[in-house]
Amino acid sequence: MGHILLNRSLDVKEAEEIIRHEQNHLESNHFLDILFIEVVMIFQWFNPVIYFFNRSLRAIHEYQADQGCLKTGMTMINYQNLLLTMYSDQRK
């Protein structure tokens, strides 16, 4: 909803790329989709299809944000390395 929170341990280059990724989410108003699906889930909590839809919607949002980052000129290898670094940092 207009805010990006970052880990303070990131270097400047990593932080810039993550901000670019998160800005893609904000510019596409992905939070509205998530908010909508969460409200639907309140009323459809018993429906297993809504959980699959929620997971698919979030995955699509990530693909769209990733595509937006790659369109800005970042190489795919550098972006993959950033994602792997972020994932391995979360696992620690």
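The present account deals with the structure reproduced in this document.

Conventions we followed
Residues numbered from 1 in each chain as written. Predicted model: local features only at pLDDT ≥ 70, side-chain atom pairs only at ≥ 80, totals over all residues. Heavy atoms only, no water. Helix = DSSP H or I, 4+ residues; strand = E, 2+ residues; numbered from the N terminus. Expected span 1.5 Å × (residues − 1). Core = buried A, V, L, I, M, F, W, Y, C linked by side-chain atoms within 4.5 Å. Buried < 20%, exposed > 50% of the residue type's maximum accessible area, 1.4 Å probe, protein only. Contact = heavy atoms within 4.5 Å. Polar contact = N/O pair within 3.5 Å; in protein donor to acceptor, adjacent residues only side chain to side chain. Salt bridge = Lys/Arg side-chain N within 4 Å of Asp/Glu carboxyl O. Arc of directions from axis to C-beta.

### Digging into helix 1 (residues 12-27)
Move 1: Between its first and last C-alpha atoms helix 1 spans 22 Å; for 16 residues at 1.5 Å apiece the expected length is 22 Å, and the two agree.
Move 2: Among the residues trailing helix 1, Asn29 stands out with phi positive, at a value near 55 degrees.

### Observations concerning the nonpolar core
Move 1: Membership of the largest hydrophobic core is limited to eight residues, which are Leu10, Ala15, Ile18, Cys69, Met74, Tyr79, Leu82 and Met86.
Move 2: Ranked by residue count, the leading element in this core is helix 4 (residues 76-91), at three residues.
Move 3: Filtering out sequence-adjacent residues up to four positions away, Tyr79 remains in contact with His21, Asp66, Cys69, Leu70 and Met74.
Move 4: Counting five residues, the second-largest nonpolar core is a separate cluster that includes Ile34, Met41, Ile50 and Leu57.

### Observations regarding the environment of Asn78
Move 1: Position of Asn78 relative to the elements: it lies in helix 4.
Move 2: Its relative accessible area of 45% is what places Asn78 among the partly exposed residues.
Move 3: For the pair formed by Asn78 and Glu17, sequence separation is 61 residues and the distance between their alpha carbons is 10.0 Å.
Move 4: A polar atom in the side chain of Asn78 sits 3.0 Å from the side chain of Thr75.

### Digging into the pattern of salt bridges
Move 1: Applying the stated rule across the entire model yields three salt bridges.
Move 2: When the shortest N-O distance is used, the salt bridge between Lys13 and Glu17 registers 3.5 Å. Placement of both Lys13 and Glu17 in helix 1 is noted, with a separation of four residues, approximately one turn of the helix.
Move 3: For Lys13, a relative accessible area of 53% translates into the label exposed.
Move 4: One salt bridge in this structure joins Glu17 and Arg20, with 3.0 Å as the shortest N-O distance. With Glu17 and Arg20 both in helix 1 and three residues apart, this pair spans about one turn of that helix.

### A few points about helix 2 (residues 30-43)
Move 1: Over its 14 residues, helix 2 runs 21 Å from end to end, which matches the ideal 20 Å to within 8%, given 1.5 Å per residue.
Move 2: Burial in helix 2 covers these residues: His30, Ile34, Ile37 and Met41. Projected down its long axis, helix 2 shows its buried positions confined to an angular sector of 65 degrees, all on one face. The exposed residues of helix 2 that point more than 90 degrees off its buried face are Phe36, Ile42 and Phe43.
Move 3: Buried-residue contacts for helix 2 involve helix 1 and helix 3 (48-71).

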